[in-house]
Amino acid sequence: GLDLTVGGSTISLDDMSNMRRTVYGKVSRHDLSPLLRLFDFPDPNITSDRRNETTIPQQLLFVMNSPFFVAQAKALAKKIENETGPEAKVKLAYALAFARQPRPTEIAVGERFLSGTDAPEDAAQNKLSRPERYAQSLLASNEFLYID
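Our subject in this report is the structure included herewith. Every value quoted in this text rests on a predicted model; they were computed, and no experiment measured them.

About the cut-offs
Residues numbered from 1 in each chain as written. Predicted model: local features only at pLDDT ≥ 70, side-chain atom pairs only at ≥ 80, totals over all residues. Heavy atoms only, no water. Salt bridge = Lys/Arg side-chain N within 4 Å of Asp/Glu carboxyl O. Buried < 20%, exposed > 50% of the residue type's maximum accessible area, 1.4 Å probe, protein only. Axes fitted to C-alpha atoms, helices over the stretch in contact; angles between N-to-C directions. Helix = DSSP H or I, 4+ residues; strand = E, 2+ residues; numbered from the N terminus. Contact = heavy atoms within 4.5 Å. Nonpolar A, V, L, I, M, F, W, Y, C, P; charged D, E, K, R; others polar. Core = buried A, V, L, I, M, F, W, Y, C linked by side-chain atoms within 4.5 Å.

Re the pattern of salt bridges
Opposite charge on two side chains lets them pair, provided their charged atoms get close. Under the criterion given, the structure shown has eight salt bridges. Salt-bridge contacts for E106 lead to R100; the nearest nitrogen and oxygen are separated by 2.9 Å. Judged by its relative accessible area of 19%, R100 is buried. Among the charged side chains, a network of salt bridges with common partners joins R100, R103, E106 and E143.

Quick look at the packing of helix α5 (residues 104–115) against helix α7 (residues 130–139)
At a closest axis distance of 9 Å, the pairing of α5 and α7 adopts a crossing angle of 145 degrees. Contact with α5, carried on its side by E106, G110, F113 and L114, involves R130, P131, R133 and Y134 of α7 and no other residues of that element. Taken together, the residues of the contact of α5 with α7 sort by class into four nonpolar, one polar and three charged.

Quick word on the side chain of E106
By the element assignment, E106 lies in helix α5. Relative accessible area serves as the criterion here: at 15%, E106 is assigned to the buried category. Excluding anything up to four places from it in sequence, E106 contacts V90, Y94, R100 and Y134.

A few points about the nonpolar core
The nonpolar side chains of a soluble globular protein tend to be buried with one another. The biggest cluster of nonpolar side chains holds 10 residues, and these are I80, V90, A93, Y94, A97, F98, I107, L114, Y134 and L138. Of all the elements in the fold, those that place two or more residues in this core are α4 (86–98), α5 and α7. Here this core gets five residues from one element, more than from any other, and that element is α4. In this structure, I107 is in contact with E87, V90, K91 and P102, ignoring residues within four places of it in sequence. The next biggest cluster of nonpolar side chains, apart from the first, holds eight residues, and it includes M64, L76, A135 and L139.

Below, the structure is given as structure tokens:
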């Protein structure tokens, strides 16, 4: 969980074990973190009254494939693995991710994906199982990432 300690030294924002609030994140004026650069962090050498708003595909791809996000997808896939049949897996995944039942079209898409098999030429490149990739896609959805 989040480290709620007040005060103390800064820590690299790129450090995966960093559980401090970003106010304690280290920002180097000479060597800006690639993570911050990806998300259009303003130049620390100039004052800026606000950040530019940008959304580019690379930002979501970076988040989707980050070690933290992949670990969460694996954890969700593990929770649904003991369900009998693809429909039950889809229903549990939706209950856990969105706190709702899936619509019939969502069940059909989920069942089709979970029941499918990878082409031999793709199987070697896939680092995640089909249930893990399905969980990753649910966690990367707008419904999960944004509050309406």
